[in-house]
Amino acid sequence: MLNDQGRPTAPVRNGDDSDTRGTFTGNRALAQEEALIFEIGRVGTTGVDIEEPTAFAPRLGGLARQDGIGLPGLSEPEAVRHYVRLSQQNYGIDTGLFPLGSCTMKHNPRLNEALARLPGFADIHPLQPLSTVQGALALFDELSRWLRELTGAEAIALPPKAGAHGEFCGMAAIKAAIAARGEAATRTVVLVPDSAHGTNPATAALLGFSVRPVPARADGTVDAAAVAAALGPDVAAIMLTNPNTCGLFERDVRAIAHAVHEAGAFFYCDGANFNAIMGKVRPMDLGVDAMHLNLHKTFSTPHGGGGPGAGPVALSGRLAAFAPLPYLKQDGETFTLVEDEASAREAGAAPLGRLTAFHGQAGVFVRALAFMLSHGADGLRQASEDAVLNANYIRASLGNLMSVAFDRPTMHEVLFDDAWLKGTGVTTLDFAKALIDEGYHPMTVYFPLVVHGAMLVEPTESESKASLDLFIATLRDLAHSALAGETERFTGAPHYAPRSRLDETRAARQPVLRWAPPP
Ligand SMILES: *Cc1c(COP(=O)(O)O)cnc(C)c1O
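Residues numbered from 1 in each chain as written. Predicted model: local features only at pLDDT ≥ 70, side-chain atom pairs only at ≥ 80, totals over all residues. Heavy atoms only, no water.

- The name recorded for the chain in an unreviewed UniProt entry is glycine dehydrogenase (aminomethyl-transferring), from Pseudochelatococcus lubricantis.
- A UniProt comment under Catalytic activity (unreviewed entry) is attached to the chain, and it reads "N(6)-[(R)-lipoyl]-L-lysyl-[glycine-cleavage complex H protein] + glycine + H(+) = N(6)-[(R)-S(8)-aminomethyldihydrolipoyl]-L-lysyl-[glycine-cleavage complex H protein] + CO2".
- Quoted verbatim from the Function (unreviewed entry) heading of the UniProt record, the comment on the chain is "The glycine cleavage system catalyzes the degradation of glycine. The P protein binds the alpha-amino group of glycine through its pyridoxal phosphate cofactor; CO(2) is released and the remaining methylamine moiety is then transferred to the lipoamide cofactor of the H protein." (UniProt positions renumbered as here; feature names shortened; annotations may be inferred.)

Right under this line is the structure:
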C-alpha cells in the first residue's frame, strides 16, 4: 500500500490531554514538529521570481524532459524554516555533552573552521596545476610531519577518508608486503581480539583474509600468551586496538608485538583511540607496523552521520614503500604528487594502488593541523591527560552505584556493565533512552561485546568540571530511580522526545527509505 511507505512525520495527535504529545499542533512548546519537504512543498511553487526565458531553444534533443520533475517548491521563508527546524532536531556536540564511547565527540574549535574556509584552502580544486596549490601541499606535508612525530612513523599515507578506510589502507599495505615476500598464498589469517571494533574483522575479511579471534582475559586486555598460541606460519597480521575498546591500555602490547614479529607477521594497530595517548606514547615505539588515525576524532572536526572524516595511516619502515598513490614529494621548495606507479617504482617504492580519486580529505587536514598548531606539542599531551582524567572522574563518581566492568583506572573512556541493573526491570537500553529525556545523547551501549549490557562513556577533554558534574548528577539520579524500581521512568523512554521508543530492530531489518505521496 502506497501510504504505508510514508514515514510518520505528520504531527502525532492522540487526543490524550495527560500526554504531553497532545498539543493541537504536535509542537512541544517552542520545539517545532517538521514534516518532510515533500509533504510541505508544492510542485509549481518556487522561491525565486525570475522571468521565463525568451528566445530559448533547448539543445537537449530527445533527452528533454517530458514531464515535470516533481520537486517540492517552497518560498524562501518556508525553506529557511524547514531547514532551521530540522537543524534544531539534531543533537550534536554544539548542543551538549556527547558521551558516545569510541567516538571522541569533542568540541570543534571555531578557529579550525575559520582556517578551513580560507579561500586558498576552500576554493581550490585537486585538478588545478600543482604550481597554483603549493601552499595546500605544504600544509599536507606539515600535517604529515606532525603525524610522524606523534606516532614515530616512517611515512604517512594521507588518502584514506575514514578510520575504516585507513584500516583498509594499512592492511592492504601489509598484504602487499606479504605478497612481496612471496607468502601471499600461505599467510591468510588475521588475528582479531574479541573486544575489537567491528570494522577490524570486516576490513580483514574485505581483503580476503580469514579472521581468527583472540579471547580477552578476565581483566579486559589481550593475553600475550593467547596471541602466541594463535600465531603460526599462516598468520599475516594481528589487528589490535590500543587503548582497547574497554578503555584499557594493553599492558602486554610490546610482548604481543614481539611475538607477532617473531612469527613473521605484522602488527596493525587501530589508532581510533589515540586521544588517550597522543603526545604520551609513540605507537611505533611499541612495535606497531601500521596504524590509522581518525583525524575527525582525535584532532577535532565535526563528525558523525558518516562524514566528513580522514583516516591517514602511519606506516613503519617495513611498510612505507607500499604506501598508496598519490603521495607527496618535495624537490627543493617545490611539492609534487607522485601519481603513477611507474615513477613510484623508479624511486624504489611499491605502491599498493590508489584508494581515492585524489589525495584525501583536504578540509579535514586543515582542521587537524589547526588543532595541532593551536595546541602545540604540550597542549596535545595535556588534551590526552585531560581526556583520561575526565573519564576517570566519571568512573570514580559513579563506580559506587553503577558497576564498572573492570575495576582499574581507565584511559579516555569508562566502561560499565549491567550487573548493577539486575532485578530492577531496567535494561541498558532503557537506561540509555531515559538519558535522552534528560537532554543527553546516550553513551555507546552494548559495545564492546565482551561485557554484558555494556555502557561506554567517553567525555573527552573538552568538557568542563561543571559540565561533568551535571552529567554525573544526572546519571546518579537515574541510577537511584532504577535501583528504586521506578521502571516507568525507563520503560518506553524517551517520553519527552518528539518520537518515543522506536522499534529499532524493525527499522534496521525493514528500512523504509522511500517516501511516496499518499494516494
Ligand atoms: C571510530 C572507530 C573506527 C572507525 O572509524 P570511522 O572513521 O568511523 O570509519 C575504528 N575503530 C575504532 C576503535 C573506532 O572507534
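From this point, things continue past the structure.
**Concerning the overall build of the chain**
Move 1: Tallying secondary structure elements over the chain gives 15 helices and twelve strands in all.
Move 2: Here the C-alpha atoms of the chain give a radius of gyration of 26 Å, agreeing with the 24 Å that 2.2 N^0.38 yields for 519 residues.
Move 3: Each of the three principal axes of the chain carries a C-alpha extent, and together these read 75 × 70 × 45 Å.
Move 4: Evaluated residue by residue, the chain yields a buried proportion of 47% over its 519 residues.
Move 5: In the chain, the proportion of contacts linking residues at least 24 apart, taken out of those at least 6 apart, comes to 71%.
Move 6: Summed over its atoms, the accessible surface of the chain is roughly 25,100 Å², and 56% of this surface lies on carbon and sulfur atoms. (Helix = DSSP H or I, 4+ residues; strand = E, 2+ residues; numbered from the N terminus. Rg over C-alpha atoms; globule rule 2.2 N^0.38 Å. Buried < 20%, exposed > 50% of the residue type's maximum accessible area, 1.4 Å probe, protein only. Contact = heavy atoms within 4.5 Å. Areas by Shrake-Rupley, 256 points an atom, 1.4 Å probe, with all protein chains shown as cover.)

**Let's talk about the pattern of salt bridges**
Move 1: The final tally for this structure, using the stated rule, is 26 salt bridges.
Move 2: Of the charged contacts, one joins arginine 217 and aspartate 223 as a salt bridge, the two residues approaching to 3.5 Å between their closest N and O atoms.
Move 3: By relative accessible area, which is 27% here, arginine 217 ends up partly exposed.
Move 4: A salt bridge links arginine 217 to aspartate 252; the nearest nitrogen and oxygen atoms lie 3.1 Å apart. Note that arginine 217 is positioned in the loop between strand E3 (210-214) and helix H8 (224-230) and aspartate 252 in the loop between strand E4 (235-241) and helix H9 (253-262), a separation of 35 residues in sequence.
Move 5: The network of salt bridges with common partners includes Arg217, Asp219, Asp223, Arg251 and Asp252. (Salt bridge = Lys/Arg side-chain N within 4 Å of Asp/Glu carboxyl O.)

**A short note on the UniProt feature "domain: Glycine dehydrogenase C-terminal" (unreviewed entry) in the chain**
Move 1: The UniProt entry lists residues 383-479 under the feature "domain: Glycine dehydrogenase C-terminal" (unreviewed entry), expressed in the numbering used here.
Move 2: As annotated, residues 383-479 comprises 42% helix and 8% strand, and the C-alpha atoms at either end are separated by 30 Å.

**Remarks on the side chain of asparagine 275**
Move 1: With respect to the secondary-structure elements, asparagine 275 resides in the loop between strand E5 (266-270) and strand E6 (290-292).
Move 2: Each residue touching asparagine 275, except ones within four places of it in the same chain, is listed here: Thr104, Lys106, Thr298, Ser384, Ala387 and Glu461.

**Notes on the sheet that holds strand E7 (residues 313-315)**
Move 1: If you walk across this open sheet you meet the seven strands as E1-E7-E6-E5-E4-E2-E3, and the pairing is mixed. Across the chains shown, the open sheet's two edge strands, defined by having one partner strand only, are strand E1 (155-157) and E3. Put simply, the sheet's adjacent strands are angled 25 degrees from each other on average, direction ignored.
Move 2: Helix H6 (residues 163-180) rests against E1, strand E2 (189-193), E4, E5, E6 and E7 of the sheet, and its axis sits at about 175 degrees to E5.
Move 3: Of the strands in this sheet, E4 and E5 touch H9, which is tilted by about 140 degrees from E5. (Pairing = 2+ DSSP bridges. Axes fitted to C-alpha atoms, helices over the stretch in contact; angles between N-to-C directions.)

**Thoughts on the confidence of the model for the chain**
Move 1: Scored by pLDDT, the chain has a mean of 92; 95% of the residues are at 70 or more.
Move 2: Considering only residues more than four positions removed or in separate chains, one finds that residues 1-20, a stretch of pLDDT under 50, has 34 contacts. (pLDDT = per-residue confidence, 0-100.)

**Structural notes on the packing of helix H12 (residues 362-398) against helix H14 (residues 465-483)**
Move 1: Relative to each other, H12 and H14 sit at 30 degrees, their axes nearing to 10 Å. Crossing of H12 over H14 shows right-handed handedness. For the pair H12 and H14, the contacting residues are Asn390, Tyr393, Ile394, Ser397 and Leu398 in the first and Lys465, Leu468, Asp469, Phe471, Ile472, Leu475 and Arg476 in the second.
Move 2: Considered class by class, the residues forming the contact of H12 with H14 number seven nonpolar, two polar and three charged. (Left-handed = near helix turned anticlockwise from the far one by under 90°. Nonpolar A, V, L, I, M, F, W, Y, C, P; charged D, E, K, R; others polar.)

**A few points about empty space enclosed by the protein**
Move 1: Evaluated as defined, the whole model comprises three cavities of 30 Å³ or more.
Move 2: As a volume, the largest cavity reaches approximately 50 Å³.
Move 3: Residue composition of the lining of the largest cavity, by class: seven nonpolar, one polar and two charged. (1 Å grid on protein atoms, 1.4 Å probe; cavity = no way out; pocket = protein on both sides within 12 Å on 5 of 7 lines; lining within 4 Å. Points joined across faces, edges and corners; volume = space filled by probe spheres on them.)

**Looking at H9**
Move 1: Residues of H9 that are buried: Val253, Ile256, Ala257 and Val260. One side of H9 carries all its buried residues, which in axial view fall inside an arc of 100 degrees. Away from the buried face of H9 by more than 90 degrees, exposed residues Arg254, His258 and Glu262 are located.
Move 2: Buried residues in H9 make contact with H8, E4 and E5.
Move 3: Note on H9: the residue one or two positions beyond its end, glycine 264, has a positive phi of about 80 degrees. (Arc of directions from axis to C-beta.)

**Section: the environment of aspartate 386**
Move 1: Residue placement: aspartate 386 occurs in helix H12.
Move 2: Sequence spacing of aspartate 386 and glutamate 463 is 77 residues, and the spatial spacing of their C-alpha atoms is 9.3 Å.

**Some remarks on the UniProt feature "domain: Aminotransferase class V" (unreviewed entry) in the chain**
Move 1: When the UniProt feature table is mapped to this numbering, "domain: Aminotransferase class V" (unreviewed entry) covers residues 187-304.
Move 2: This span, residues 187-304, is 25% helix and 21% strand, and a straight line between its end C-alpha atoms measures 35 Å.

**Quick look at the nonpolar core**
Move 1: Leu143, Leu191, Val227, Phe267, Leu295, Phe299 and Met372 are the most contacted members of the largest nonpolar core, which has 58 residues in total.
Move 2: The set of elements that each furnish at least two residues to this core consists of helix H5 (134-151), E2, H8, E4, H9, E5, strand E9 (334-338) and H12.
Move 3: Per-element tally for this core: the top contributor is H12, with ten residues.
Move 4: Residues contacting phenylalanine 267, with those up to four places away along its chain left out, are Ile238, Leu240, Val253, Ala257, Val260, His261, Leu286, Gly287, Val288, Asp289 and Ala290.
Move 5: Counting residues in hydrophobic clusters, the runner-up holds 28 residues, among them Leu398, Leu401, Met402 and Met455. (Core = buried A, V, L, I, M, F, W, Y, C linked by side-chain atoms within 4.5 Å.)

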